[in-house]
Amino acid sequence: MASLSATSLSFKAPSIQSTRISQVLRKASTFQSISFGRFQSSKSLRLQISCAAKPETVQKVSDIVKEQLALSADTALTAESKFSALGADSLDTVEIVMALEEKFNISVEEADAQNITTIQEAADLIEDLVQKKPAA
């Protein structure tokens, strides 16, 4: 038996086999992260799925990347586009992060900024930081 809510997908242990878990994981390849936890009291297996950033956030990040790297408007960017493949060096990446901070009114820690290599990673981090930001 499986159940699905907005934030989690859980299976009862007796009804799922390891091969079925593999099938679920293959189909969940578009999710950012997947984690498992076992609850001793109910002996259930819990699958938590964290979804990727909203398409509009990815688009805003793409627009900022195009502007910062002086790319033409018709340059095709995808969520998987790597900054380095677009010709960005480390200074360009710092400028991209600064522009994102200004646009989304967030502050990105240096350690997090160094781990951003794609448009998707930037968009995911932005949504995470915006969500954690206290309401004004």
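Our structure's up above, just so we're on the same page.
Residues numbered from 1 in each chain as written. Predicted model: local features only at pLDDT ≥ 70, side-chain atom pairs only at ≥ 80, totals over all residues. Heavy atoms only, no water.

A few words now on empty space enclosed by the protein. Within the structure shown, the criterion is met by 2 cavities of 30 Å³ or more. Forming the walls of the second largest cavity are Val97, Leu100, Ile106, Val108, Ile116, Ala122, Leu125 and Ile126. Of all elements in the fold, only α3 (90–104) and α5 (119–132) reach the threshold of two or more residues within the lining of the second largest cavity. When grouped by side-chain class, the residues that make up the lining of the second largest cavity number 8 nonpolar, no polar and no charged. (1 Å grid on protein atoms, 1.4 Å probe; cavity = no way out; pocket = protein on both sides within 12 Å on 5 of 7 lines; lining within 4 Å. Points joined across faces, edges and corners; volume = space filled by probe spheres on them. Helix = DSSP H or I, 4+ residues; strand = E, 2+ residues; numbered from the N terminus. Nonpolar A, V, L, I, M, F, W, Y, C, P; charged D, E, K, R; others polar.)

It is the contact of helix α2 (residues 55–68) with α5, at a shortest axis distance of 9 Å, that shows an interaxial angle of 120°. Taken together, the axis directions place α2 and α5 in an arrangement best described as oblique. In this structure, α2 crosses over α5, and the sense of that crossing is right-handed. Two secondary-structure elements touch here, α2 through Thr57, Val58, Val61, Ser62 and Val65 and α5 through Ile119, Gln120, Ala122, Ala123, Ile126 and Glu127. Its residues placed into classes, the contact of α2 with α5 shows 7 nonpolar, 3 polar and 1 charged. (Axes fitted to C-alpha atoms, helices over the stretch in contact; angles between N-to-C directions. Parallel < 35°, antiparallel > 145°, perpendicular 65-115°, else oblique. Left-handed = near helix turned anticlockwise from the far one by under 90°. Contact = heavy atoms within 4.5 Å.)

Once that is clear, we can look at the side chain of threonine 57. Of note, threonine 57 is situated in helix α2. Given the relative accessible area of 8%, threonine 57 is considered buried. In this view, threonine 57 contacts Phe104, Ala123, Ile126 and Glu127; residues no more than four positions away in its chain are not counted. (Buried < 20%, exposed > 50% of the residue type's maximum accessible area, 1.4 Å probe, protein only.)

This paragraph deals with the side chain of serine 81. Position of serine 81 relative to the elements: it lies in the loop between α2 and α3. Side-chain polar atoms of serine 81 contact the backbone nitrogen of threonine 78, separated by 2.8 Å. Residues within four places of serine 81 in sequence aside, it is in contact with Leu86, Thr117, Thr118 and Ile119. (Polar contact = N/O pair within 3.5 Å; in protein donor to acceptor, adjacent residues only side chain to side chain.)

This paragraph deals with α5. Residues three or four positions apart in an α-helix share a direction because the helix packs 3.6 residues into each turn. Counted at 1.5 Å a residue, the expected span for α5 with its 14 residues is 20 Å, and the 20 Å between its end C-alpha atoms agrees. Buried within α5 are the following residues: Ile119, Gln120, Ala122, Ala123, Asp124, Leu125, Ile126, Glu127 and Leu129. Close packing links the buried residues of α5 with α2, α3 and α4 (110–114). (Expected span 1.5 Å × (residues − 1).)

Taking 1.5 Å per residue as the helical rise, α2 with its 14 residues ought to reach 20 Å, and the 20 Å between its terminal C-alpha atoms agrees with that figure. Those residues of α2 not exposed but buried are Thr57, Val58, Val61, Ser62, Ile64, Val65 and Lys66. Elements that come into contact with the buried residues of α2 comprise α3 and α5. Phi turns positive, to about 55°, at alanine 70, one or two residues after α2.

Let's shift gears to the nonpolar core. Formed by 25 residues in total, the largest nonpolar core has its most connected members in Val61, Val65, Phe83, Leu100, Val108 and Ile119. Ranked by residue count, the leading element in this core is α5, at 6 residues. In this structure, phenylalanine 83 is in contact with Val65, Ala88, Thr93, Ile96, Ile116, Thr117, Thr118, Ile119 and Ala122, ignoring residues within four places of it in sequence. (Core = buried A, V, L, I, M, F, W, Y, C linked by side-chain atoms within 4.5 Å.)

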